[in-house]
Amino acid sequence: MNAFQRNESKETLFTFISAGDDPPKGDFPLQKKSPKLCGSNYPLSIAFIVVNEFCERFSYYGMRAVLTLYFLSFFHWDENLSTAVYHAFSALCYFTPVIGAIMADSWLGKYKTIIYLSIVYVVGHLIKSVGAIPSLGNQAVHVVLSMVGLFLIALGTGGIKPCVSAFGGDQFEEEHTSERSKFFSIFYLSINAGSLISTFVTPVLRGDVKCFGEDCYALAFGVPAALMVLALVVFIAGSGLYRKTPPQGNVLLEVCKCIGFAIKNRLKNRSREIPKRDHWLDWASEKYSKQLIGEVKMVTRVLFLFIPLPMFWALFDQQFLNPLLILVFIPIFDLGLYPLINMCKLNFTPIRKMATGMILAGLAFGLAAVIEVKINETDMPRLVPKESLIRVLNLAKNPVQVTIQDKDLFQQPVESFQITDLEAKPENGLAAVRFINGLNQDVNLTIDSKRFMTVQKNYSASEYSLLERDIYNNGKCITETGEFPLELGLLDFGASYTVVITNISGGAVETWKSEDIKANNVHMAWQLPQYLLISAGEVMFSVTGLAFSYSQSPASMKSVLQAGWLLTVAVGNTFVLIVAEAAPMAQWAEFVLFTVLLFAVCIVFSIMGYFYVSVDPEDLEEKEEKRETSSRGNMIGLVTQKTKL
């Protein structure tokens, strides 16, 4: 009997596994269930992940808020070099997620990857802070330390970025998909909360606190370093509560090999006599399992859907967004708008949400283009080659008609004392004013308590003074004959004025004020619709895309697909830099260009999304398990039959 059993055991080694079937797989250990928050379906472990993300984003955005000023004032770099290094660092932060994703899914797992790269992150912050100490070496030392620190920060923040969000999604049981979707909204809230607070705190630390006799950049970089240490401590503190999915081996390498083999096998079998297969990846079934092929299909379909998405980030990167609006909109959308749409029985799928977000972003940029055109109407005309700007100053009391031979330039009479001298509008909404002294004696002018000037006689002109918008009626004009009040009236936003002192009569100064450059006539409130539209678009596009990337990826490639999502951000930012350098254009024209491109891309994305069929990775695994169970059942029956024989 024992010998027969041994023969039976040997015989079962020869199982009928056809090409493409999976090899037997071991069972993964069951994941423990984390305690719940207040009796809900939200695991307690996500609280540590959300706090970790808040601290990490505070650390990153706080450091970045003063980075350009650091280059300009500490290194004394010019604006072009400072901007180039800043954008290069930002782009690197969105390319490094690929490294972190490979480490997490193929080697260390998400938990260990987050810890190890967070340590790298902290070291980068510390090196950056030390490099900002003025007494430590010369400028070359400061530059080297800062660049090394920035590289480590980019590696750390980019490396953990796809892992943290995917690790948070792993904490939920599969039946709690609704709660997991809301988690990504909470996760995005923590990102913007950290960004909002840090962009106010760090510049204050730099400017209001002095150290080493100047602005304290060491402290401005040191506080974000401390927040990153806190983020690491909080994350480790929740270790006992986490559900940790083990890495699946070198998944990315297997995916690449599977794709390569499918292409190679398809090219070898181009004969018409060979039956066609449903999908081009099915040509890898001779070597790779059906489950792996199915997972690769899922990933490639989602990555293909991501191709148009960088255009959204190209627009998004050019807007200064208020994180406060994001903090307001996310609860409104999750608790108000989306449930209302569901009550109306409208199938508002993730792809439709993302397409709507793209439309809102396009509308924001279209509105920005219209406002930019209205603002430019008050600008000085820009001269092109072979053109000149003629300035005419009429010193007579009456209007005069100016005629230039063969030119019809001055169709209307020139009023008295009209002059234009500035080449562009004053920046930052300030008003510019200058004085022309038409008297035969010098004058000393007082505009307000802080501005004094002397203007020589016989139509000498002063330099322009930049003033805040206000009514200036308390000035003084002091001459050889006495002191007289000087009233200028309203000096408006962005306007340029020439004030000509014409006479002194009856104890008062007679002046003629000319508005050379028109005041800004577009109210700042017109920017609010842009912020509302682009912020709403971000919530519908970015938050939804984050959750969609997680839900459509197999368990073995969660971080990889999150990295693919972040890679669209990097491509979008790079596209903006290329367009800006290759084809400089007016601001309004650039807005129109990107608006048209985004609407075109939105149409393409909508068509692609129409044919996209969502797949649940768990369903794929369940089907594979059933197929394996059935196969194993057949093998057992086969052995029993042989025993009877």
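Preceding this section is the structure that the text describes.
Counting starts from 1 at the beginning of each chain's written sequence and moves along it residue by residue. Local features in this predicted model are restricted to residues whose pLDDT is 70 or higher, and side-chain atom pairs enter the listing and the counts only when it is 80 or higher, whereas totals over whole chains, interfaces and linings include all residues. To get the side-chain values, take all heavy atoms of the structure and skip hydrogens and water.

Caption draft 1: Quick look at the packing of aromatic side chains. Aromatic pairing here means that ring centres of Phe, Tyr or Trp (its six-membered ring) are within 6.5 Å. Orientation follows from the plane angle: under 30 degrees is stacked, over 60 is edge-to-face, and everything else is tilted. Taken as a whole and assessed by the stated rule, the structure comprises 38 aromatic pairs. On the numbers, 5.0 Å between centres and 85 degrees between planes, the contact of Tyr-70 with Phe-221 is edge-to-face. Placement of Tyr-70 in helix H3 (residues 67–74) and of Phe-221 in helix H9 (residues 217–237) is noted, with a sequence separation of 151 residues between them. Take Tyr-70 and Phe-221: they sit in the same class, and that class is buried. Where Phe-312 meets Phe-541, the ring centres are 4.0 Å apart and the plane angle is 25 degrees; that geometry is what we call stacked. Note that Phe-312 is positioned in helix H12 (residues 310–316) and Phe-541 in helix H15 (residues 527–551), a separation of 229 residues in sequence. Working definition: helices are DSSP H or I runs of at least four residues, strands are E runs of at least two. Numbering for both runs from the N terminus. Burial classes follow relative accessibility: with a 1.4 Å probe on protein chains only, a residue under 20% of its type's maximum area counts as buried, one over 50% as exposed, and anything between as partly exposed.

Caption draft 2: Structural context of the packing of helix H11 (residues 290–306) against helix H16 (residues 558–582). Relative orientation of the contacting elements H11 and H16 amounts to 10 degrees, with a least axis distance of 10 Å. With respect to H16, the axis of H11 lies roughly parallel. Residues Val-299, Val-302, Leu-303 and Phe-306 of H11 pack against Leu-561, Gly-564, Trp-565 and Thr-568 of H16. Axis definition: a line fitted to C-alpha atoms, limited for helices to the stretch in contact. Angles are taken between N-to-C directions and run from 0 to 180 degrees. Between 65 and 115 degrees an angle is taken as roughly perpendicular, under 35 as roughly parallel, over 145 as roughly antiparallel, and anywhere else as oblique. Any two residues whose heavy atoms approach within 4.5 Å are treated as being in contact.

Caption draft 3: Expanded view of the environment of Ser-496. Among the structural elements, Ser-496 can be located in strand S12 (residues 496–505). Each C-alpha atom of the pair Ser-496 and Lys-425 lies 7.3 Å from the other, and the pair is 71 residues apart in sequence. Those residues within four positions of Ser-496 in sequence are excluded, and the remaining contacts are Leu-422, Ala-432, Tyr-464, Ser-514, Glu-515, Asp-516 and Ile-517.

Caption draft 4: Focus on the pattern of salt bridges. Counted as salt bridges are all cases of a side-chain nitrogen of Lys or Arg within 4 Å of a carboxyl oxygen of Asp or Glu. Under the criterion given, the structure shown has 8 salt bridges. Taking the shortest distance from any N to any O, the salt bridge between Lys-476 and Glu-483 comes out at 3.8 Å. The network of salt bridges with shared partners includes Glu-53, Glu-56 and Arg-57.

Caption draft 5: Molecular detail of unusual backbone geometry. For His-76, which is not glycine, the phi torsion reads 60 degrees and is therefore positive. On the secondary structure map, His-76 appears in the loop between H3 and helix H4 (79–95). A relative accessible area of 62% means that His-76 is categorised as exposed. Positive phi outside glycine occurs at Asn-428, with the angle close to 60 degrees. In this structure, Asn-428 sits in the loop between helix H14 (350–376) and strand S3 (431–437).

Caption draft 6: Looking closely at the packing of helix H2 (residues 45–65) against H9. As a packed pair, H2 and H9 sit with axes 8 Å apart at the nearest point and diverge in direction by 165 degrees. Of the possible angle classes, the one that applies to H2 and H9 is roughly antiparallel. Regarding H2 and H9, the two cross each other, and that crossing is left-handed. Where H2 approaches H9, its residues Phe-48, Ile-49, Val-51, Asn-52, Cys-55, Glu-56, Phe-58, Ser-59, Gly-62 and Met-63 are matched on the opposing element by Phe-221, Val-223, Pro-224, Leu-227, Met-228, Leu-230, Ala-231, Leu-232, Val-234, Phe-235 and Ala-237. Per-class residue counts for the contact of H2 with H9 are 17 nonpolar, 3 polar and 1 charged. If you view the pair so one helix is near and one far, a crossing is left-handed when the near helix is turned anticlockwise from the far one by less than a right angle, and right-handed when it is turned clockwise. In this count, Pro and Cys sit with the nonpolar residues alongside Ala, Val, Leu, Ile, Met, Phe, Trp and Tyr, while Asp, Glu, Lys and Arg are called charged and the others, Gly among them, polar.

Caption draft 7: Geometry of the environment of Lys-110. Counting through the fold element by element, Lys-110 comes out in helix H6 (residues 110–131). The class of Lys-110 is buried, set by a relative accessible area of 5%. As for Lys-110 and Ser-165, which are separated by 55 residues in sequence, their C-alpha atoms are 9.9 Å apart. Not counting chain neighbours up to four residues away, the residues in contact with Lys-110 comprise Ala-104, Asp-105, Cys-163, Ala-166, Phe-167, Asp-170, Lys-558 and Ser-559.

Caption draft 8: View of a nonpolar patch on the surface. On the surface, a nonpolar cluster with roughly 330 Å² of combined accessible area is contributed by Val-373, Trp-588, Val-592 and Val-596. Counting residues per element, the nonpolar patch draws most heavily on helix H17 (residues 587–610), at 3 residues. Along the polypeptide, Val-596 turns up in helix H17. Assessed through its relative accessible area of 52%, Val-596 is described here as exposed. The patches reported here contain residues having more than 30% relative accessible area and no salt bridge. Joining distances are 9 Å for like charges and 5 Å for nonpolar side chains (Val, Leu, Ile, Met, Phe, Trp, Tyr). The accessible surface values rely on the Shrake-Rupley method and a 1.4 Å probe; as for residues, cover is taken only from the protein chains in view.

Caption draft 9: Representation of the pairing of S3. The buried count for S3 comes to 7 of 7 residues, which makes it a mostly enclosed element. Every second residue of S3 is oriented toward a common face, with Ala-431, Val-433, Phe-435 and Asn-437 on one face and Ala-432, Arg-434 and Ile-436 on the other, all of them buried. One bridge is not enough; two strands pair if DSSP finds at least two bridges between them. Summarising the sheet, S3 and strand S7 (residues 465–467) pair through 3 bridges and their orientation is antiparallel. The residue bridging Val-433 from the neighbouring strand is Ser-465, located in S7. As paired strands, S3 and S12 are joined by 6 bridges and run parallel to one another. Bridge pairing links Ile-436 to Val-500 in S12. Relative to strand S6 (residues 460–461), S3 is paired through 2 bridges, and the arrangement is antiparallel. Counted as the bridge partner of Asn-437 is Ser-460 from S6.

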